[in-house]
Amino acid sequence: MIQRVQSIWLLLATLTLICLLFLPLLTKTVDNIEFRIYTTSLHQYVKVGTAEGIKTEMSIVPMALNIAAALFCFASIFLFRNRSMQKKVILVAILIIIALSVLCGINTQQLPGGTAGISLEPGTFLPLIAIIFAMLAIGGIKKDEQLLKSADRLR
């Protein structure tokens, strides 16, 4: 059934991961150059006098991990008939989200000056929120399994 509670948690995890594509993770300013790290790219905003310039470096691997995690969460909504497979797909999505977070942390270390002076943006916390939603979905699946086992005992 698609109307189960875990489907809502998985949809929220998917939406959170989609928002992560568009929101910056971190911001840092070094010598009039503002660096913004996204999962899709690194943006450099240069502010010299009245002139402004933008330089973008695409990051294929973090973007692919982000999209893969969102697709795994969304696909697991439709695996409601096979609860064990649904849990496995959700666990894979959680591992991908963790790998994405580690990779973004490594990218942060490569900014000029390291991690000193970094401003956290709303996107920083979205992977954690997506993991929480996925864990709540796993909890809902376990409750369904317990309900089915207790119904089988009554027969």
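These figures come from a predicted structure and were not determined experimentally. Position numbers for residues start from 1 in each chain and track the written sequence from start to end. Reporting of local features is limited, given that this is a predicted model, to residues whose pLDDT is at least 70; pairs of side-chain atoms are given and counted only at 80 or more, and all residues count toward the totals for whole chains, interfaces and linings. The basis for every side-chain value is the complete set of heavy atoms in the structure, and neither hydrogens nor water enter the calculation.

Student: Talk me through the packing of aromatic side chains; I want residue IDs and the actual numbers.
Tutor: Two rings from Phe, Tyr or Trp (for Trp, the six-membered ring) form a pair when their centres sit within 6.5 Å of each other. Planes less than 30 degrees apart are called stacked, planes more than 60 degrees apart edge-to-face, and all others tilted. Counted by the stated rule, this structure contains two aromatic pairs. Seen in terms of ring centroids, Trp-9 and Phe-133 are 5.7 Å apart; in terms of plane orientation they differ by 25°. Their pairing is stacked. Separated by 124 residues along the polypeptide, Trp-9 in helix α1 (residues 5–22) and Phe-133 in helix α4 (residues 126–154) bring together distant segments of the chain. Burial classification: accessible surface area is computed with a 1.4 Å probe over protein chains only, and a residue below 20% of its type maximum counts as buried, one above 50% as exposed, and the rest as partly exposed. Trp-9 gets classed as partly exposed once you look at its relative accessible area, which sits at 27%. A relative accessible area of 17% places Phe-133 in the buried class. Ring centres 5.4 Å apart and planes at 75° place the aromatic pair Phe-74 and Phe-78 in the edge-to-face group. Residue Phe-78 is classed as partly exposed on the basis of its relative accessible area of 45%. Helix numbering and strand numbering both begin at the N terminus, where a helix is a DSSP run of H or I of at least 4 residues and a strand a DSSP run of E of at least 2.

Student: Provide a residue-level description of helix α2 (residues 60–77), including the pertinent values.
Tutor: Structurally, the α-helix is built with 3.6 residues per turn, so residues lying three or four positions apart point the same way. Given the number of residues in a helix, its expected span is that number minus one, multiplied by 1.5 Å. For α2, spanning 18 residues, the distance from its first C-alpha to its last is 26 Å, which sits close to the expected 26 Å at 1.5 Å a residue. Within α2, burial applies to Pro-62, Asn-66, Ala-69, Ala-70, Cys-73, Ser-76 and Ile-77. The arc that holds every buried residue of α2, seen down its axis, measures 135°, which confines them to one face. Facing away from the buried side of α2 by more than 90 degrees, the exposed set consists of Ile-60, Val-61 and Leu-71. An arc is given here, and it is the one of the directions from the helix axis to the C-beta atoms.

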